[in-house]
Amino acid sequence: MFSLRDEIPTYYQMGPSTLKIPNSVFKHNRKRICDRLSGIGAATGGVILLQGGAQLQQYDTDRDLEFQQESYFMWMFGVMEADFFGAVAVDTCTSYLFMPRLPASYAVWMGALKTPDYFKTRYGVDEVYYSDEISEILAKLRPSSLLTMHGVNSD
């Protein structure tokens, strides 16, 4: 099991000798979008809900295709792992990540499974839950509206 005493990076970096982007940049991005939405009165009591990139397999094999995070999700959260969701309460700019709940057997191939506390520290968000808890958490937040992205990605 991973211990929080182990060093957890609190920045985004593509590899050794590359620029380290601190989590404060992503927090600032979330604040910018909240301020913009609040400034136009578009989302009083609303929650932004975004889906990150999904890990895909090659055809019917167990070979993963190279993963690249959705750009808008990276801009808002800095998350490098696949299959995450993220939410931001517009009025308070409180940030939430929803991570996949992996079976214990994944540890055989993937090493120690990371906990919600790990990802909370890693990405500097306010709360982290499992993705199967999205409905429950949104019900507690009682947003006036859910702000989502819909349609074909035009990039």
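Scroll up for the structure.
The residue numbering used here restarts from 1 in each chain and proceeds along that chain's sequence as written. Where totals are concerned, whole chains, interfaces and linings use all residues; where local detail is concerned, this predicted model gives features only for residues with pLDDT of at least 70, and gives and counts side-chain atom pairs only at 80 or more. Side-chain numbers come from the whole structure's heavy atoms, not from hydrogens or water.

(A) The arrangement of the sheet that holds strand E3 (residues 47-51) in detail. Only strands joined by at least two bridges in the DSSP assignment are considered to pair. Elements are defined by DSSP. Helices are runs of H or I of four residues or more, strands are runs of E of two residues or more, and each kind is numbered from the N terminus. One open sheet accounts for five strands, arranged E6-E5-E4-E3-E7; its pairing is mixed. One side of each edge strand has no neighbouring strand; the edge strands of this open sheet are strand E6 (127-130) and strand E7 (146-147). In the sheet, strand E5 (residues 94-99) pairs with E6 via four bridges, with the strands oriented parallel. Pairing of Phe98 across the sheet is with Tyr129, part of E6. Its contacts with the sheet place helix H1 (residues 23-39) against E3, strand E4 (85-89), E5 and E7, and it is angled at close to 50 degrees to E4. Residues are treated as being in contact if the distance between any of their heavy atoms lies within 4.5 Å. Axis definition: a line fitted to C-alpha atoms, over the contacting stretch in the case of helices. Angles run 0 to 180 degrees between N-to-C directions. Helix H4 (residues 116-123) rests against E5 and E6 of the sheet, and its axis sits at about 140 degrees to E6.

(B) Here's a closer look at the pairing of E3. In terms of residue burial, E3 counts as a mostly covered element, since four of its five residues are buried. Where E3 meets E4, five bridges bridge the pair, whose relative direction is antiparallel. Bridged to Leu49 within E4 is Ala87. Where E3 and E7 come together, two bridges link them in parallel fashion. Within E7, the residue paired with Val47 across the bridge is Leu146. In this scheme, a residue with accessible area under 20% of its type's maximum is buried, one over 50% is exposed, and one in between is partly exposed, where area comes from a 1.4 Å probe on protein chains only.

(C) Examining the environment of Arg142 more closely. As for its position among the elements, Arg142 is in the loop between helix H5 (134-141) and E7. By relative accessible area, Arg142 is classed as exposed at 71%. Sequence separation between Arg142 and Ala107 is 35 residues, and the spatial gap between their C-alpha atoms is 35 Å.

(D) Molecular detail of the packing of aromatic side chains. By convention, a stacked pair of Phe, Tyr or Trp rings (six-membered ring in the case of Trp) has centres within 6.5 Å and planes under 30 degrees apart, an edge-to-face pair has planes over 60 apart, and any other such pair is tilted. Taken as a whole and judged by the stated rule, the model has six aromatic pairs. With a centroid separation of 6.5 Å and 85 degrees between ring planes, the pair formed by Tyr12 and Phe26 is classed as edge-to-face. One end of the pair, Tyr12, is in strand E1 (residues 11-12); the other, Phe26, is in helix H1, and 14 residues separate them in sequence. Judged by its relative accessible area of 16%, Tyr12 falls in the buried class. With relative accessibility at 6%, the residue Phe26 sits in the buried group.

(E) Highlighting the environment of Gly78. One can find Gly78 in the loop between helix H2 (71-77) and E4. Exposure remark for Gly78: the relative accessible area of 1% places this residue in the buried category. Along the chain, Gly78 and Ile21 lie 57 residues apart, while their C-alpha atoms are 9.0 Å from each other.

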